[in-house]
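# Observations on chain architecture
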Amino acid sequence: MAAWSRAAAAPLLRGIRGLPLLHCVQRMFASQTEGELRVTQILKERFPGATAIQVTDISGGCGAMYEIRIESEEFKEKRTVQQHQMVNQALKEEIKGMHGLRIFTSVPKH
């Protein structure tokens, strides 16, 4: 009988996208991760008039990368780069611990 080795067991301990299986299971059953909730709350406080805020952890649930979609009147007559700067400023502390961030901003259509 072959000895157990970490390298041989690694594929069995990995889930979707190479993430630990436990993270994948938690992500499947959680409506939002703690990180998603935290980022959403910060954005709601910074953009109280936003008509839509959607935060998605696109790193598989580990909080390394997020996709943010936010619709707010505050973005009206601002260039896209200015809109993104507003979001980055609101999340400046959280961004320090992230690997990446995708931001999509828009102005509500009336």
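An unreviewed UniProt entry annotates the chain as BolA-like protein 3 originating from Neomonachus schauinslandi. UniProt lists a comment for the chain under the heading Sequence similarities (unreviewed entry), and it reads "Belongs to the BolA/IbaG family." Quoted verbatim from the Subcellular location (unreviewed entry) heading of the UniProt record, the comment on the chain is "Mitochondrion".

Here the focus is unusual backbone geometry. The phi angle at E77 is positive, at roughly 65°, despite the residue not being glycine. Its place among the elements puts E77 in the loop between β2 (65-71) and α4 (80-90). On the basis of relative accessibility, which here comes to 77%, the residue E77 falls in the exposed class.

Another point: the confidence of the model for the chain. Confidence in the prediction for the chain averages 83 pLDDT; 73% of positions are at 70 or higher. Summarising per-element confidence for the chain, the mean pLDDT is lowest in helix α2 (residues 21-29) (48) and highest in α4 (98).

Before going further, it helps to spend a moment on helix α3 (residues 34-46). Taking 1.5 Å of rise per residue, the 13 residues of α3 would be expected to cover 18 Å, and the 18 Å separating its terminal C-alpha atoms lies within 8% of that figure. When we look at burial in α3, the residues that qualify are G35, E36, V39, T40, I42 and L43. One side of α3 holds all its buried residues, which, seen down the axis, span an arc of 160°. For α3, exposure combined with an orientation more than 90 degrees from the buried face picks out E34 and E45.

Remark: the centre distance and the inter-plane angle together describe each pair of aromatic rings, the angle taken between the planes. All chains considered together, the criterion is met by one aromatic pair. On the basis of an interplanar angle of 55° and a centroid distance of 5.4 Å, the ring pair of F47 and F75 is categorised as tilted. On the criterion of sequence distance, the pair formed by F47 in the loop between α3 and β1 (52-57) and F75 in the loop between β2 and α4 is long-range, its members being 28 residues apart. Both residues of the pair, F47 and F75, count as buried. Here R46 stacks its cationic end above the ring of F47, 4.5 Å away from the centre of that ring. In this structure, R69 packs its charged tip against the face of F104, placed 4.1 Å from the ring centre.

Here is what the cut-offs are and how they apply
Residues numbered from 1 in each chain as written. Predicted model: local features only at pLDDT ≥ 70, side-chain atom pairs only at ≥ 80, totals over all residues. Heavy atoms only, no water. UniProt positions renumbered as here; feature names shortened; annotations may be inferred. Helix = DSSP H or I, 4+ residues; strand = E, 2+ residues; numbered from the N terminus. Buried < 20%, exposed > 50% of the residue type's maximum accessible area, 1.4 Å probe, protein only. pLDDT = per-residue confidence, 0-100. Expected span 1.5 Å × (residues − 1). Arc of directions from axis to C-beta. Phe/Tyr/Trp six-rings, centres within 6.5 Å; stacked < 30°, edge-to-face > 60°. Lys NZ or Arg CZ within 6 Å of the ring centre and 35° of its normal.

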